[in-house]
Amino acid sequence: MMPRLLQPIILTAAASLWLAACSDSDPTVSRNDDQSTVIWRFALEEIGGSVQDAYAQEFRNRIRDASGGRVQVEIYPYGSIGTSPQLTQLVQDNRVHLAFASPGHLAGVIPEAGVLSLHFLLPDDDEAAARKLSDPTLRSLLSEHYEEQGLQLLDVINEGWMTWTAGHPLLTPEDFAGLRMRTMMSPILSDIYQAYGAEPVPMPYSEVYSALQLNQIDGQTNPAFAVLEMKFHELQPAMTLPRASRFISTVISGHQWYQQLPDDQRQWLDEALVPMAPFIQQAQQTINSERLRKLQESGRVTVTELTEEQRNRFRELSLPLRQTYVERAGPGGKQLLDQLLKDDQ
Ligand code: 6CS
């Protein structure tokens, strides 16, 4: 059997060749044989059955209905095309029209997006957090930085609370001492876990299972839905629920592709996006709570929720990281941070 680590790489190479062959002289659309149907390729950072997959399927149905079937959305789950940075590159190259780009990876390219990875920044209450994420000023500030990279920011979504998994519960900073904690690729995440006392190990999502198996890392952080679907619980007997941060993702297209869409198509796209964040907020709550229940029932994982007192120790350690973020992201980052800290929404 092909080693698990190599599968996505081989698939990536094959898919990239295929996508290259799909590009036609008009980079804004690809059409099927009778020239009447427009196809939008939508690449996910997660596998089938995930929160991003639920989003993409709902979006596909909305676009199909709005366009009377003229626009068909083709969904490419994680592993079929590439890792998160590769998906962003494919959007920049117009080989893929739409993709998820999680700030946990994207902040390597757009440091300002790292604000969405900071801990203890968004309100604990989901509705209050949703209001912050849909704030038009926040979105337009973020959009400027996406545009600098040739990207159009289409949506910002909450995929649920991040959990921590390891060989033992992570209740205090002392529990993190020397722990090789896998993080997504953006440097601000390394800063955060270093402040907690861990040894951060950034790596792509596709390599986490093997790295756990090979004992190259001791822990990782992801929402409950991802822990179950990526089978991390098979190798990580202790899950901690710190409610320190949520997994926030963004939906992107190429800036030029979006600007050059025919008016009717851009209108279908804009209208389809309006109900998506509330839709996925509900969906992720259901998916995460069902999967957390399954994890608990599996008998393979202990699940421990941090007390407020325990959370406070991590909150204190996380506060100086706001300044580290501003140093990494500059004045644009400061503006975004100030906007999220405003208490008038
Ligand atoms: O940990 C990661 O890298 C990934 N986690 C999730 C839940 N979605 C995509 C992301 O790349």
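Let us look at the structure shown here. These numbers were taken from a predicted model, which means no experiment stands behind them. Every chain begins its residue count from 1, and numbering advances along the sequence as written. In keeping with the model being predicted, local features are shown solely for residues with a pLDDT of at least 70 and side-chain atom pairs are shown and tallied solely at 80 or more, while totals for entire chains, interfaces and linings include all residues. Hydrogens and waters are ignored; side-chain quantities use all the structure's heavy atoms.

## Description of the layout of surface pockets
In this model, the largest pocket occupies a volume close to 310 Å³. Lining the largest pocket are 17 residues, with Gly160, Trp161, Leu241, Asn288 and Leu292 positioned closest to its centre. Broken down by element, the lining of the largest pocket gets its largest block of residues, five residues, from helix α12 (residues 276-298). Residues are grouped as follows: Ala, Val, Leu, Ile, Met, Phe, Trp, Tyr, Cys and Pro are nonpolar; Asp, Glu, Lys and Arg are charged; every other residue, Gly included, is polar. For the lining of the largest pocket, the per-class residue count stands at six nonpolar, seven polar and four charged. Cavity means a closed set of points on a 1 Å grid over the protein atoms alone, one where a 1.4 Å probe fits but cannot get out, pocket means an open set with protein on both sides within 12 Å along at least 5 of 7 lines, and lining means a residue has an atom within 4 Å of a point. Grid points are joined across faces, edges and corners, and a volume is the space filled by probe spheres set on the points. Each helix is a run of H or I in the DSSP string that is no shorter than four residues. Each strand is a run of E no shorter than two, and both are numbered from the N terminus.

## Section: the nonpolar core
Counting residues in each nonpolar core, the largest one holds 54 residues, and the members touching the most others are Val115, Tyr146, Trp164, Phe176 and Tyr325. Contact between two residues is taken to exist if any of their heavy atoms lie within 4.5 Å; hydrogens are not considered. Other than its neighbours up to four places away in sequence, Phe176 contacts Trp164, Leu170, Met181, Tyr193, Tyr196, Gly197, Ala198 and Phe314. Throughout, nonpolar core names a set of buried Ala, Val, Leu, Ile, Met, Phe, Trp, Tyr and Cys residues whose side chains join them through atoms within 4.5 Å. Partly exposed residues are those whose accessible area sits between 20% and 50% of the maximum for their type, while under 20% is buried and over 50% is exposed, using a 1.4 Å probe and protein chains only.

## Thoughts on the pairing of strand β3 (residues 71-76)
Consecutive side chains of a regular strand alternate in pointing toward one face of the sheet and then the other. Strand pairing is defined by DSSP finding a minimum of two bridges between the two strands. Bridging between strand β2 (residues 38-43) and β3 involves six bridges; their strand directions are parallel. The partner of Val38 across the bridge, within β3, is Val71. A clockwise path from the first strand over the helix to the second, with the strands pointing away from the viewer, defines a right-handed crossover. In terms of handedness, the path from β2 via helix α2 (residues 51-66) over to β3 forms a crossover that is right-handed.

## Structural notes on the packing of aromatic side chains
Pairing of aromatic side chains here covers Phe, Tyr and the six-membered ring of Trp, requires ring centres within 6.5 Å, and sorts the geometry by plane angle: under 30 degrees stacked, over 60 edge-to-face, intermediate tilted. Going through the model one piece at a time under the given rule, you end up with 15 aromatic pairs. Measuring from centroid to centroid gives 5.3 Å for Trp40 and Trp257, while their planes differ by 80 degrees, and the two rings are edge-to-face. With Trp40 in strand β2 and Trp257 in helix α10 (residues 255-259), this residue pair connects regions lying 217 residues apart in the sequence. With relative accessibility at 1%, the residue Trp257 sits in the buried group.

## Structural notes on the pattern of salt bridges
Each reported salt bridge corresponds to a side-chain nitrogen of Lys or Arg within 4 Å of a carboxyl oxygen of Asp or Glu. This structure, assessed with the given rule, holds 15 salt bridges. The residue Asp155 makes a salt bridge to Arg139 at a minimum N-O spacing of 3.2 Å. Pair noted here: Asp155 is in strand β5 (residues 151-161) and Arg139 is in helix α6 (residues 136-148), with a separation of 16 residues, a long-range link. Here Asp155 and Arg139 have matching classes, each one buried. Among the ionic pairs, Arg180 bridges to Asp218, the shortest N-O distance being 2.8 Å. Separated by 38 residues along the polypeptide, Arg180 in strand β7 (residues 180-183) and Asp218 in the loop between α8 (208-213) and β9 (219-222) bring together distant segments of the chain. A relative accessible area of 23% means that Asp218 is categorised as partly exposed. Overlapping salt bridges, with partners in common, bring together Asp124, Arg243, Glu308 and Arg311 in one network.

## Notes on the site of the ligand
Here a residue is considered near a molecule or strand provided that any single heavy atom belonging to it is located within 4 Å of it. Neighbouring the ligand are the residues Glu45, Glu46, Ser84, His105, Arg182, Met184, Tyr205, Asn222, Pro223, Phe225, Ala226 and Phe247. Polar contact criterion, stated in full: a pair of N or O atoms within 3.5 Å, where within protein one must be able to donate a hydrogen and the other to accept it, and residues adjacent in sequence count only if both atoms are side-chain atoms. At 2.7 Å from a nitrogen atom of the ligand is found a side-chain nitrogen or oxygen belonging to Glu46. A distance of 2.9 Å separates an oxygen atom of the ligand from a polar atom in the side chain of His105. Considering only residue class, the shell around the ligand consists of six nonpolar, three polar and three charged.

## A word on α2
The length a helix should cover is 1.5 Å for every residue beyond the first. Between its terminal C-alpha atoms α2 stretches 23 Å, which fits the 22 Å expected from 16 residues at 1.5 Å a residue. At the C-terminal side of α2, Gly68 shows a positive phi close to 60 degrees.

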